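# Per-entry structural report
The lines below spell out each chain.
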Amino acid sequence: MPVAVNIQALSHSFADRKVLRNVSLTVEQGMFVGLLGANGAGKTTLFSILTRLICNSSGNVVLFGHDLQRSPADALATLGVVFQQPTLDLDLSVLQNLQYHGAIQGMSPTDVQARAQEELERLQLWDRRHERIRWLNGGHRRRVEIARALLHQPQLLLLDEATSSLDLESRIQLIGHIRSLIKTEGLTVLWTTHVAEELETDDQVILLNRGEVHAQGKLSDLITAAGASDANHLMLNLSKSGS
Amino acid sequence: MKNSAYLFCFSGVLKRELQRSLQQRTRFISALVRPLLWLAVFAAGFRGTLEGMVIPLYGSPVDYEVYITPGLVGMIILFNSMQSSLSMVYDREMGSMRVLLTSPLPRSYLLFCKLFAIALTSLLQVYAFLAVAFLFDVAPPPLGYLTALPAILMGAFILGALGLLLASLIEQLENFAGVMNFVVFPLFFLSPALYPLTFMQDGNTWVYWACVINPFTYVVELIRHALYLDLNTPALLVNLAAFTVLTNAAVLGFDPARRMLNNRAPKGR
């Protein structure tokens with residue numbers, strides 16, 4: 001299967017603190033891949049490098065054949081991103097937020113309008129397009145962020161702890177929606193989380209621990225290999241070995 | 001990237017800034033109230049300040065309201081630029097700056113768009129103020145409103161760039177109050193916005209020289225002369241130099257990602 005994300009020998013430090021150590025991993029196209037690790041494992045730093053918010057100290061990142069350092073515009077154009085922190089403009093409406101995002105992606109207003117309608121209808125938010133973000137609840141705001149991330153039809157969707165601050169029902173709905181996109185759109189998803197319950201046993205998982213790739217493979221295989229009873233147990237073992 | 005993508009991005013950033021200005025009506029109104037208070041109250045109290053004094057630009061003795069109007073235009077630009085910088089600090093803290101930075105378009109271009117958008121909102125505020133100032137008998141030649149436009153735009157770019165530079169240096173929203181006290185007020189008061197520089201020359205020499213090296217002095221003087229159909233060449237040259245240095249420094253040197261992420265790093269990455 002073609003490769004969506006190819007990371008080789010990636011390291012990064014903040015001052016004298018090494019947060020990523022020689023990370024190498026691949027994500028195949030059309031897959032749902034969980035990036036699992038305890039707090040402080042280096043997930044957000046890796047995520048920030050993938051979105052080019054920070055430049056890596058060493059190593060290579062290639063997204064759909066585009067080197068992130070050498071051709072950042074082509075690489076970034078393949079990405080849709082949902083950050084852990086809310087990033088919507090509270091004083092603008094749902095549609096205005098999407099229009100702004102489309103514009104900074106270089107989309108024409110006509111395309112933005114058509115795509116915004118498509119995505120918002122799919123998330124049952126089209127009727128609320130003129131409402132200010134300020135008046136929406138947390139679950140709806142996250143759905144707007146998903147719609148926004150998909151507006152320019154990226155090939156890879158990156159989600160950083162996207163379900164934090166959501167209640168159980170919103171969390172289940174969100175994960176279900178993302179999984180359906182893989183089937184319908186052929187999207188590749190890299191899902192960063194520290195909550196093992198969000199992943200299914202058949203999912204491909206990358207375990208990150210203290211800035212290193214601890215293991216990569218199917219979650220059920222990783223559980224068996226670690227002698228753990230379930231994903232939570234696996235995470236607990238990982239946290240203990242990391243502390 | 002197609003060339004049209006740059007155009008769509010430019011218009012999108014401009015539109016967002018205008019939408020935000022319209023949504024935050026109190027901000028727009030307060031931006032007008034501040035200079036209008038100076039015009040209606042402060043200028044009334046100091047009406048006799050320039051009595052008997054002939055300023056070459058105006059030809060004959062001039063009312064104080066007329067004299068301080070270009071200075072108040074500068075005040076609007078200055079405050080709007082700083083407030084827009086404040087919104088960038090807010091954007092960074094709220095994380096929406098991250099969305100902007102994940103755009104495939106070059107960051108220097110995105111920041112240029114942002115600067116232009118700030119300048120445009122300043123322009124709207126300035127012309128709204130000049131319309132109200134007309135009611136206070138501040139009536140420059142009609143063509144002056146047009147000739148002042150490039151000067152106002154250049155001033156807005158210069159001060160917007162300064163604001164961007166400051167925004168990149170500020171780590172937290174709370175620190176911005178310090179900038180108002182240590183940057184905005186000195187820039188404004190150490191300039192000919194409220195009184196001619198000759199006043200300072202006769203009195204305190206260091207204050208006079210502080211005014212001479214203050215770039216805001218030349219922003220105000222360029223606008224003052226342009227509004228009365230005159231070109232102040234030294235002011236234009238200083239404006240051009242400040243424009244080149246500050247916009248380049250702001251656009252090339254501004255790296256919010258570096259600050260916003262590195263600052264958080266030691267806490268648990």
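Residues numbered from 1 in each chain as written. Chains lettered and ligands numbered in written order. Predicted model: local features only at pLDDT ≥ 70, side-chain atom pairs only at ≥ 80, totals over all residues. Heavy atoms only, no water.

Next up on the list: the side chain of Glu119 of chain A. Residue and element names in this part refer to chain A. As for its placement among the helices and strands, Glu119 is situated in helix α4 (residues 109-122). Reaching out from Glu119, the side chain makes a polar contact with the side chain of Arg115 at a distance of 2.7 Å. Look past the residues within four positions of Glu119 in its chain and what remains in contact with it is Ala147 and Leu150. (Helix = DSSP H or I, 4+ residues; strand = E, 2+ residues; numbered from the N terminus. Polar contact = N/O pair within 3.5 Å; in protein donor to acceptor, adjacent residues only side chain to side chain. Contact = heavy atoms within 4.5 Å.)

The next point concerns the interface of chain A and chain B. In this assembly, 36 residues from chain A lie in contact with 35 residues from chain B. Between chain A and chain B the total buried area reaches about 3,200 Å² when both faces are included, carbon and sulfur atoms providing 58% of it. Per-residue buried area on chain A facing chain B is highest for Leu53, Tyr100 and Ile104 of chain A; these three make up 20% of the total on that side. Taken together, the links from chain A to chain B amount to 2 salt bridges. Close ionic contact of Asp89 of chain A with Arg16 of chain B constitutes a salt bridge, the shortest N to O distance being 2.8 Å. Between the two partners, chain A and chain B, sit 5 residue pairs in polar contact (both at pLDDT 80 or more). For the side of chain A that touches chain B, the secondary structure elements donating two or more residues are β2 (17-28), α1 (43-50), α2 (72-76) and α3 (94-104) of chain A. Per-element accounting of the side of chain A that touches chain B gives the leading share, 6 residues, to α3 of chain A. The class makeup of the residues in the side of chain A that touches chain B is 17 nonpolar, 13 polar and 6 charged. (Buried area = accessible area lost by both parts, 1.4 Å probe. Salt bridge = Lys/Arg side-chain N within 4 Å of Asp/Glu carboxyl O. Nonpolar A, V, L, I, M, F, W, Y, C, P; charged D, E, K, R; others polar.)

Taken as a whole and assessed by the stated rule, the structure comprises 5 cavities of 30 Å³ or more. In this structure, the largest cavity encloses a volume near 120 Å³. Together, 14 residues line the largest cavity, and Thr87 and Tyr100 of chain A together with Arg16, Ser96 and Val99 of chain B are the ones closest to its centre. Taken together, the elements giving at least two residues each to the lining of the largest cavity come down to α3 of chain A together with α4 (96-101) of chain B. The element contributing the most residues to the lining of the largest cavity is α4 of chain B, with 4 residues. Partitioning the lining of the largest cavity into residue classes produces 5 nonpolar, 4 polar and 5 charged. Taken as a whole, the second largest cavity encloses approximately 70 Å³ of empty space. Looking at the second largest cavity, the residues that line it are Leu76, Leu79, Gly80, Val81, Phe83, His101, Gln105, Arg148, Ala149 and His152 of chain A together with Val99 and Thr102 of chain B. The element best represented in the lining of the second largest cavity is strand β6 (residues 79-82) of chain A, accounting for 3 residues. When its residues are assigned to classes, the lining of the second largest cavity shows 6 nonpolar, 5 polar and 1 charged. (1 Å grid on protein atoms, 1.4 Å probe; cavity = no way out; pocket = protein on both sides within 12 Å on 5 of 7 lines; lining within 4 Å. Points joined across faces, edges and corners; volume = space filled by probe spheres on them.)

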